[in-house]
Amino acid sequence: MLQSTTWSPQRSAWLRTAKPLAATSTLDRPTQTQALVIGAGYAGLNAALRLLEQSIDVVVVDAHEPGFGGSGRNGGQVIAGLKHDPATLFSMLGEVPGRRLVEFAGGVADATFELIKSYGLKCDAEQGGWLQPAVNEKTMALVTRRARAWADITGTAPRLVDRTEIERLTGSRSYCGGWIDPRGGQLQPLSYARELARVVGDRGGRVFSRSRAGRPQYLDGRWETDVNGHSVRSSSVLICTNGYASGAIDGLDRSLVPASSVMASTKPLPHAVRKQVMPSRLPISDARRIMNYVRFDSAGRLLIGARGSFGLHEPSSDYAQLRHAAARLFPQIKDVEWEDAWGGLFCLTADFLPHLHHPAPGLFVVAGCNGRGVAMMSQLGRLLGDMAGEKERVDPPLPLTDIRPIPFYPARRLGLETVLIWYRILDRLHV
Ligand SMILES: Cc1cc2nc3c(=O)[nH]c(=O)nc-3n(C[C@H](O)[C@H](O)[C@H](O)COP(=O)(O)OP(=O)(O)OC[C@H]3O[C@@H](n4cnc5c(N)ncnc54)[C@H](O)[C@@H]3O)c2cc1C
C-alpha cells in the first residue's frame, strides 16, 4: 500500500507564490451529505464543483489539504490530448469510440481555460500555446505526424517550427524543431487547486483538510465512510485519489502504478538572462520518451522537471540531474542559483489511458492520469460529477471499465520501471 506521507509538505516554487488556501477545518463529527468526494486535487474539486452546479450537496475530504497531491506540485503545463496519439486511440478503441475520446481529449485544455475564466480563478492562467520540441529526426517525424493528426481531426492550427525558429523561441541549440499546440498553455498549479477549493466553499460545498477517508461501506442503500473516526453518510462516493490512492476500495491500488516526477526551480533570473532563455515564454515538454519539461513562473524563476528515478522517494541525485539537464539545454544559466526542489506522485495504468470505474451503485472512481492531468483530470473530474449527478444519464467518452488489478503486480511494476530505464537509455542514444 502506498503511503502519501512519502511526500512530505515541500518547499516548492509554487508554495512561494500561490494564492492562500481558504480556511478549511478537519472533519470532526458525524456528517450527512448527498455526495462525498475523496481527494481534493483537480479531479475531486472539479467533480465537487460540477455536483454543486447541479444543486447537489457535497463534502470533499483530503487526507492533507487541497492541492497536497500532484495538483499542487506539477509543472502547470496545460496540455490537450492524451499520451497516446489519435491514430493509436482509433486502433485501441475502434473508430467510433476512438473518435469520441479523441474529441474529448482534444477539448480538455480549452474547457479548463474556460472554467478558470468563468469562475474567475486567480492562477496566472495563460492559453498562449504549448511547445513540444524534437531532439532528433525521429522525434521530429513524430511531432510532425502528431501536429498533422490534430489539425485534421479538430481543425486547430498547430504550427510546425524548424531548427532556426525553435532556437529563436527557446534560446536552446538542443532542439531540431517542434510543434506549437495553440490549445495549450500554463498556470500556477497550486493556486489553481486552492482557487477551486475556494469556489467549492463559496458555493456551499464543505471542504475538509487533514481528513483521511477509510473504505466506503454500502449499508441500507447509503454509503458510510469513516473519516477521522466519524461516519460520513452519503448517496454517492467519488474517489479521486490518483497517485495517492491508499486502499480506498478493493483492487484500485493494484490497478495503478504510482510513479514520481521531480522538479527544481532557480531563483528569479535577471532580465538579461530571461531575454536569452525561452524568450517566447512558451512552456516546453520535449518529445522524448522520458522527457524534460521546462517553463518560467510569473516571477521569472526557471522550473525544470522530469520523471523521478526508480522508487517512490526523492533522492538528491534526481535534483542534481535536473540542474545538469537545465545547464545542458541552456548554457546561459549554468551558474545561476537554484532555490527549491520537490517531487510528487502521479500514476500510470497498464494501457496508459485514464480509468473510469462505476463498481457499485453511487460509487465512482477516476484514476490514472499517466503524467498528463492538469487539463485531463480537471475534465474527468467534471465528468465524474456529471455521472454522479442524479439528473442525467451520462455516456462517458472513455470506456467504463471494471477495476482490474494488474496480474503479477510486483513483477509488472518492476517490469514497467525497467522499461522506463530502457527508454531513458534509448533517449540518450537518440534512437
Ligand atoms: C511533479 C509533477 C509534475 C507534473 N507536471 C504536469 C504538467 O505539467 N502537466 C500536466 O498535465 N500534468 C502534470 N502532472 C500530473 C498532474 O499533476 C496530475 O495528473 C494531477 O494533479 C492529478 O490530479 P488528481 O486530482 O487526480 O490527483 P491529486 O492532485 O494527486 O490528488 C489526490 C488527493 O487525494 C488525497 N487522498 C489520497 N488518499 C486519500 C484518502 N484516503 N482520504 C482523503 N484524501 C486522500 C491526497 O492527499 C491528494 O491531495 C505532474 C505531476 C507531478 C507529480
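Engineer: What is the right way to read the site of the ligand from this model?
Structural biologist: Of all residues adjacent to the ligand, which total 45 residues, the nearest are Gly-39, Gly-41, Gly-69, Gly-75 and Gly-373. Elements with a minimum of two residues in the shell around the ligand: helix H2 (42–53), strand S13 (257–266), strand S17 (338–348) and helix H10 (374–388). In terms of residue count, the dominant contributor to the shell around the ligand is S17 (four residues). Within the shell around the ligand, the residues separate by chemical class into 19 nonpolar, 22 polar and four charged.

Engineer: What is the right way to look at the pairing of strand S15 (residues 292–296) in this model?
Structural biologist: When a strand is regular, its side chains alternate between the sheet's two faces. Most of S15 sits inside the fold, with five of its five residues counted as buried. What you see with S15 is no split at all: Asn-292, Val-294 and Phe-296 on one side and Tyr-293 and Arg-295 on the other are buried throughout. Bridging between S15 and strand S16 (residues 302–307) involves five bridges; their strand directions are antiparallel. Across the sheet, the residue bridging to Phe-296 is Leu-302, located in S16. From the end of S15 to the start of S16, which pair antiparallel, there are five residues, and Gly-300 there has a positive phi angle of about 90°.

Engineer: Any chance you could explain the packing of helix H3 (residues 86–93) against helix H4 (residues 95–119) here in plain terms?
Structural biologist: Helix packing geometry: the angle between the two helix axes and the distance between the axes. Closest axis-to-axis distance for the H3/H4 pair is 7 Å, and the angle between their directions is 140°. Taken together, the axes of H3 and H4 are oblique relative to one another. The hand of the H3/H4 crossing is right-handed. Facing Pro-86, Leu-89, Phe-90, Met-92 and Leu-93 of H3, the residues of H4 in contact are Glu-95, Pro-97, Gly-98, Leu-101 and Val-102.

Engineer: How should the pairing of strand S9 (residues 206–209) be read in this particular structure?
Structural biologist: As paired elements, strand S1 (residues 25–26) and S9 share two bridges and run parallel to each other. Within S9, the position partnered with Thr-26 by the bridge is Ser-209. The sheet contact formed by strand S3 (residues 58–61) and S9 spans three bridges and is parallel. When the bridges of S9 are listed, Val-61 appears paired with Phe-208.

Parameters and conventions
- Residues numbered from 1 in each chain as written.
- Predicted model: local features only at pLDDT ≥ 70, side-chain atom pairs only at ≥ 80, totals over all residues.
- Near = placed C-beta within 6 Å.
- Helix = DSSP H or I, 4+ residues; strand = E, 2+ residues; numbered from the N terminus.
- Nonpolar A, V, L, I, M, F, W, Y, C, P; charged D, E, K, R; others polar.
- Buried ≥ 20, exposed ≤ 12 C-beta atoms within 10 Å, placed from the backbone.
- Pairing = 2+ DSSP bridges.
- Axes fitted to C-alpha atoms, helices over the stretch in contact; angles between N-to-C directions.
- Parallel < 35°, antiparallel > 145°, perpendicular 65-115°, else oblique.
- Left-handed = near helix turned anticlockwise from the far one by under 90°.
- Contact = placed C-beta atoms within 7 Å.

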